[in-house]
Amino acid sequence: MTYNKPIHLKCALAMFALLTSVVGCVKRTEVVAVLPDGGVEMVAMLHGDVNDIMGAEGQLANDPPPSAESGWKVSTQLEDKKDSGEQEMTLVAIQSFAPGQPLPTSYASPNTPVADAAKKFYTEVRLEKTKDGTYYHFKRTYPRRVWAPFEYHRERLLETDEIKKLLEEHPANMSDANRKTVADALIAVEVEQEVELLHQAFAQSKGNIPQVAQLKAIGSIREIANDSQLTALTVTLLVKTDAGKYANTLEQDLYDRISKGVRKALVENGTSAADVTEVMKNLESARLRLEISKDLEDESWDVELALPGKIVAHDFQGNPESLDPTDLDEHEPDAEESHLDKAMRTLADRMKPFATKPGFETYSWTFDSRALHDRDVVIMASSFVPNN
């Protein structure tokens, strides 16, 4: 059996667990309905492994799901996987927005540590009145996540012929020398990715960071790759079946050591206290952004849009569909009704008064996290409602 590496590593040290486990995924469905008065209804559904949605215990950062703290009415449902006994979650959230009310830009609660790093989506709903009727313009932008600099080091260090050949074998069956080779490569990936994060932190800093201080700080990170104790511990964990329990602790310890070394190098090489503080803050923010980007790596999106009247233009292939008014008929709830059914029934209640006049057309987009790697995902559609 070949033990392939994941598309990207949450952390090089976490790969031990990934070698012997299946990574979960999250399917996201986001529904946006624009009402004739410009009000907006949103429904979000996340389905997947409960730890992928809510964040595993000890996980450093995950993209936050919708919550009551960020204004959503949230319900959840758990179900045991038949094959593994692990739990899957379906999380459904709904929120109404009055005409002109600011729309959410992420699911993160304001003023939380991950708010700036969380996945963003900027939604614009604009009404354009003309002598013949009203245009409804919808635009949503999912900003890019920086990916190429980190993927470059993963490919450069882990996709050599030598490493790929070694990873055809489980680490427990490797020779000591081969396990050390693999461990050194994993550590090197993490170290070089941290150097990339530090470059980002320097670029975002407004102060004057002496070049010698920058170089010494970079050198302090690379020194960690030569730590024999870290290599020995990595080799030991490669063969442990429960290595995942230790990955987050090791990861946090590594980050703490890197932060301590960078701070020391900056202070000792002429960087002011204020500039050091700014760099360290920027480094932590860059690290959180990367952690969340990795958390999003196995996720996908379906975006469903309903606009009043007829959709006259959109930015993708396929044709809009008219919403059948009977689809919005009231249905009595029953004991088998899912949380998503309840949310969609609530949405239908909001839309039903307008189901016949002016009516709605729908359109949808689908993409996965790769679409966000170093590029924005922009979706647009416009509809028209004629005057009486």
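Residues numbered from 1 in each chain as written. Predicted model: local features only at pLDDT ≥ 70, side-chain atom pairs only at ≥ 80, totals over all residues. Heavy atoms only, no water.

1. Considering the overall build of the chain
Tallying secondary structure elements over the chain gives ten helices and eleven strands in all. Across the 388 residues of the chain, 48% fall into the buried class. The contacts in the chain between residues at least 6 apart in sequence include a share of 75% that link residues at least 24 apart. Here the chain has roughly 19500 Å² of accessible surface; of this, 50% comes from carbon and sulfur atoms. (Helix = DSSP H or I, 4+ residues; strand = E, 2+ residues; numbered from the N terminus. Buried < 20%, exposed > 50% of the residue type's maximum accessible area, 1.4 Å probe, protein only. Contact = heavy atoms within 4.5 Å. Areas by Shrake-Rupley, 256 points an atom, 1.4 Å probe, with all protein chains shown as cover.)

2. Structural notes on the packing of aromatic side chains
The final tally for this structure, using the stated rule, is eight aromatic pairs. Taking the centre distance of 4.7 Å and the plane angle of 45° together, the rings of Tyr135 and Phe384 count as tilted. A residue pair is termed long-range when its members are at least 10 positions apart, and Tyr135 in strand 6 (residues 133-142) and Phe384 in strand 11 (residues 377-386) qualify at 249 residues. Judged by relative accessible area, Tyr135 falls into the partly exposed class, the value being 28%. Judged by relative accessible area, which is 18%, Phe384 ranks as buried. (Phe/Tyr/Trp six-rings, centres within 6.5 Å; stacked < 30°, edge-to-face > 60°.)

3. What about helix 6 (residues 211-223)?
Here helix 6 contains 13 residues, and its C-alpha end-to-end distance of 18 Å stays within 8% of the 18 Å for a straight helix at 1.5 Å per residue. Along helix 6, the residues that are buried comprise Ala213, Ala217, Ile218, Ser220 and Ile221. Down the axis of helix 6, the smallest arc covering the buried residues is 155°, so these residues share one side. Facing away from the buried surface of helix 6 by more than 90 degrees, the exposed residues are Gln211, Val212, Leu215 and Glu223. (Expected span 1.5 Å × (residues − 1). Arc of directions from axis to C-beta.)

4. Remarks on the pairing of strand 11
Counting buried positions along strand 11 gives seven out of ten residues, so the element sits mostly inside the fold. Looking at chain direction, strand 6 and strand 11 are connected through ten bridges and run antiparallel. Bridging from a neighbouring strand, Thr134 pairs with Val385 of strand 11. In the sheet, strand 8 (residues 310-314) pairs with strand 11 via four bridges, with the strands oriented antiparallel. Bridge assignment links Ile311 to a residue of strand 11, and that residue is Ser383. (Pairing = 2+ DSSP bridges.)

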